[in-house]
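# Structure at a glance
Here's the letter readout for the chains.
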Amino acid sequence: MSKPDKLKRKDYEALLEPMQRELAQMARWAMHTDQRILVLIEGRDTAGKGGVIGAIHEHINPRQCRVVALPKPNDRERTQWYFQRYVEHLPAAGEIVLFDRSWYNRAGVEKVMGFADDKQVKAFLKQTPVFEQMLIDDGILLFKYWLCCDQAEQEKRFAERREDPLKGWKLSPIDLEARTKYGEYTKAREAMLKATHTKQAPWTLVDFNDQKRGRLTLIRDLLDRLPDTAIPPDTIDFPPLEGKPKKEKYSVVEPVDEYDA
């Protein structure tokens, strides 16, 4: 069976807009009902994590919807309980938190690149279902997504980042080294899924070879797994102004040409 053509931007935007309206409604529901929503977005380098996170939170109040993308742990954090630095970023009542990579770094990049030893990885895989069950038992709505990307598509995206100065910041020495370890990352992912795909906190794998279709699929799945989020919109009445609207008084500042001195 041949793959469908990649979705055109105008078609993508037409399909995305009603979903973003639903996301805004979901945010209003979370605020009114004190829900805590936690979404983990995982995947290989270039899979499209940032794009789908942007599509989710674009039209939600940033004070309510936070994106968490932690840097590598500092010296103090390396001596803490592994999950400790993630706990402080968990959602409070009415909040939505989107993790751009999460504690699953330990089962992926840390394992493959040698930043965590076998004992640490084994302990992580054993402890993670317990940790996530604690979050769920406390009432957090937890969703875990893995974005799937073939090696040929990943290579294409790496090349685009190398050539585009606006995307160059996305390339690091670690990314370039990880690029040669596609097979090792596959084995690490399968071990992670086997140990942490539970009935209470299942993984959802989404095809992101076409990032636009992937975003639509992931967002639709997220919305469909939430309960009815219908909350009547707040009615905002504007009191009448006294008199006619006033014009603002200001003077225009002309740009300075440094060569006219």
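One structure accompanies this document, and this report is about it. (Residues numbered from 1 in each chain as written. Predicted model: local features only at pLDDT ≥ 70, side-chain atom pairs only at ≥ 80, totals over all residues. Heavy atoms only, no water.)

## Structural notes on unusual backbone geometry
The phi dihedral of D34 falls on the positive side, at around 60°, and the residue is not glycine. Looking at the secondary structure, you find D34 in the loop between helix 1 (9-33) and strand 1 (37-43). (Helix = DSSP H or I, 4+ residues; strand = E, 2+ residues; numbered from the N terminus.)

## Looking at the pattern of salt bridges
A complete count under the given rule lists 16 salt bridges for this structure. A salt bridge links R189 to E190; the nearest nitrogen and oxygen atoms lie 2.8 Å apart. R189 gets classed as buried once you look at its relative accessible area, which sits at 16%. Residue D221 pairs with R225 through a salt bridge whose shortest N-O separation is 3.0 Å. By relative accessible area, which is 31% here, R225 ends up partly exposed. One salt-bridge network, in which partners are shared between bridges, spans E22, R220 and D224. (Salt bridge = Lys/Arg side-chain N within 4 Å of Asp/Glu carboxyl O. Buried < 20%, exposed > 50% of the residue type's maximum accessible area, 1.4 Å probe, protein only.)

## What about the nonpolar core?
Grouped together as the largest cluster of nonpolar side chains are 34 residues, with contacts concentrated most on I37 and L218. Of all the elements in the fold, those that place two or more residues in this core are helix 1, strand 1, helix 2 (49-57), strand 3 (96-100), strand 4 (141-148) and helix 9 (211-224). Core analysis: the next-biggest nonpolar cluster, separate from the first, contains 26 residues, Y82, Y86, A107 and W203 among them. (Core = buried A, V, L, I, M, F, W, Y, C linked by side-chain atoms within 4.5 Å.)

## Here's the deal with the sheet that holds strand 2 (residues 65-68)
Reading across the sheet, the five strands line up as 2-3-1-4-5 and stay open at both edges, with parallel pairing between neighbours. Across the chains shown, the open sheet's two edge strands, defined by having one partner strand only, are strand 2 and strand 5 (203-207). Averaged over all pairs of adjacent strands, the angle between strand axes in this sheet comes to 20°, irrespective of strand direction. Of the strand pairs in this sheet, strand 2 and strand 3 are connected by four bridges, and their pairing is parallel. Its bridge partner lying in strand 3, V68 is registered against F99. Set on the sheet, helix 8 (residues 182-196) makes contact with strand 4 and strand 5; between it and strand 5 the angle comes to about 145°. (Pairing = 2+ DSSP bridges. Axes fitted to C-alpha atoms, helices over the stretch in contact; angles between N-to-C directions. Contact = heavy atoms within 4.5 Å.)

## Some thoughts on the side chain of T204
Along the chain, the position of T204 falls in strand 5. At 3.0 Å, the side chain of T204 and the side chain of R225 are in polar contact. Once residues within four sequence positions are removed from consideration, T204 is found in contact with K144, Y145, W146, D221 and R225. (Polar contact = N/O pair within 3.5 Å; in protein donor to acceptor, adjacent residues only side chain to side chain.)

## Observations regarding the packing of aromatic side chains
What the rule picks out here adds up to 14 aromatic pairs. Measuring from ring centre to ring centre gives 5.3 Å for W81 and F83, while their planes differ by 55°; the resulting arrangement is tilted. Its relative accessible area of 1% is what places F83 among the buried residues. Between W81 and F131, the ring centres sit 5.9 Å apart and the planes meet at 85°, which makes this aromatic pair edge-to-face. With W81 in the loop between strand 2 and helix 3 (84-87) and F131 in helix 5 (residues 118-137), the pair connects residues that are 50 residues apart, well separated along the chain. Each residue in the set W81, Y82, F83, Y86, F99, W103, Y104, F124, F131, W146 and W203 is aromatic and connected to the rest through ring pairs, giving one cluster. Across from the ring centre of Y182, 3.6 Å away, lies the NZ or CZ of R44, which sits over that ring. (Phe/Tyr/Trp six-rings, centres within 6.5 Å; stacked < 30°, edge-to-face > 60°. Lys NZ or Arg CZ within 6 Å of the ring centre and 35° of its normal.)

## Side note on the packing of helix 1 against helix 9
How two helices sit against one another is set out by the angle between their axes and by the gap between those axes. Relative to each other, helix 1 and helix 9 sit at 25°, their axes nearing to 10 Å. Considered as vectors, helix 1 and helix 9 are oriented roughly parallel to each other. Considering only the axes of helix 1 and helix 9, their crossing is left-handed. Residues R9, Y12, L15, L16, M19, E22, L23 and M26 of helix 1 form the contact with helix 9, whose participating residues are K212, R215, L216, I219, R220 and L223. By residue class, the composition of the contact of helix 1 with helix 9 is nine nonpolar, no polar and five charged. (Parallel < 35°, antiparallel > 145°, perpendicular 65-115°, else oblique. Left-handed = near helix turned anticlockwise from the far one by under 90°. Nonpolar A, V, L, I, M, F, W, Y, C, P; charged D, E, K, R; others polar.)

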